[in-house]
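# Report on the structure
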Amino acid sequence: MRVVLAQPRGFCAGVVRAIEIVERALERYGPPIYVRHEIVHNKYVVERLKAKGVKFVEDLADVPPNAHTIFSAHGVSKEVERDAVDRDLNVIDATCPLVTKVHNHGRRYVGQGRTVILIGHAGHPEVEGTRGQIGAPVLLVQTEQDVEALAIPSDTPVAYITQTTLSVDDTKGIIAALQRRFSDIIGPETKDICYATQNRQAAVRELCKMADVILVVGAENSSNSNRLREIGQEANKPSYLIADGSELDPAWIARKETVGLTAGASAPEKLVLDVIDALRRIDGDIEVTEMDGIKENIEFRLPAELRT
Ligand code: SF4
């Protein structure tokens, strides 16, 4: 059996930065360090940090005054920022710079007198954070049907922004529907969409051309990992999302010649290796190769207080 690894796969620059922020804060200030929400959506990463003395909370009411508190890569609303100030917390912000860029776009559009429409998944922490950063009501659309149901006149000046874990391809149908619905509409350049989401999705599309089955390493609550699995399904390949090798079902790969293996932006390479080990336990004669693909070299700077 051949195993072809997607390129690129796994950690993006925003996730690397967020985890490094937590690790440097642990070194500098010592445990406990508090993190609001999972720093990135991956249980393995979260459990490893918990073992080092990180406490994950959903509500800042669970953090003692003056404690060092990190906001996750998904970003937070202004209300959460104010709450942290009121509670005298020492905040370090691990919001991905590409998420912050979306916040800035939204605020700029509001400043231009436009109604902002956010394309994203209801309830996702990034969407909650973005809606609460804009400083004006934000309309959320998840489907083209939602666009038709928007209760504002078609000549309203509007602007759209998108959740970062949706790619250009994911959003183009909804953007086209918005452009049909509104006469005065603007949005960000497509180059502003998250590079990591776009690259990982393009790699899975290529992988589907050479694989009989697609395995995606990632967490159930990871939006971008779920999307990678859906892309496999859309290409009519059996596609499975697994947290690690222990979740691999031998029936999925029985009589398959080529397995395509990728990982979501919040899944560490260690878990990809764990899946390869599990594949090897099922079929001792596997040949592992990596597809040609984009080599990413993007790095985001750490917050100033943790740089040295
Ligand atoms: S997927 Fe993109 S937006 Fe999300 S953390 Fe990674 S680089 Fe940032």
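Residues numbered from 1 in each chain as written. Predicted model: local features only at pLDDT ≥ 70, side-chain atom pairs only at ≥ 80, totals over all residues. Heavy atoms only, no water.

## What about the site of the ligand?
All residues adjacent to the ligand are C12, G14, C96, L98, T164 and C194. Given that more than half its atoms are within 2 Å of the pocket grid, the ligand belongs to the largest cavity. Taken together, the residues of the shell around the ligand break down into four nonpolar, two polar and no charged. (Near = heavy atom within 4 Å. 1 Å grid on protein atoms, 1.4 Å probe; cavity = no way out; pocket = protein on both sides within 12 Å on 5 of 7 lines; lining within 4 Å. Sits in = over half its atoms within 2 Å of the grid points. Nonpolar A, V, L, I, M, F, W, Y, C, P; charged D, E, K, R; others polar.)

## Concerning the pattern of salt bridges
Counted according to the given criterion, the structure contains 18 salt bridges. Its salt-bridge partner being D184, residue R114 comes within 3.0 Å of it at the nearest N-O pair. Highlighted residues: R114 in the loop between α4 (97-111) and β6 (115-119) and D184 in the loop between α7 (168-181) and β9 (185-186), separated in sequence by 70 residues. On the basis of relative accessibility, which here comes to 17%, the residue R114 falls in the buried class. In this structure, E234 and R227 form a salt bridge, with 3.4 Å as the shortest nitrogen-oxygen distance. The network of salt bridges with common partners includes R9, E269, E290 and K295. (Salt bridge = Lys/Arg side-chain N within 4 Å of Asp/Glu carboxyl O. Helix = DSSP H or I, 4+ residues; strand = E, 2+ residues; numbered from the N terminus. Buried < 20%, exposed > 50% of the residue type's maximum accessible area, 1.4 Å probe, protein only.)

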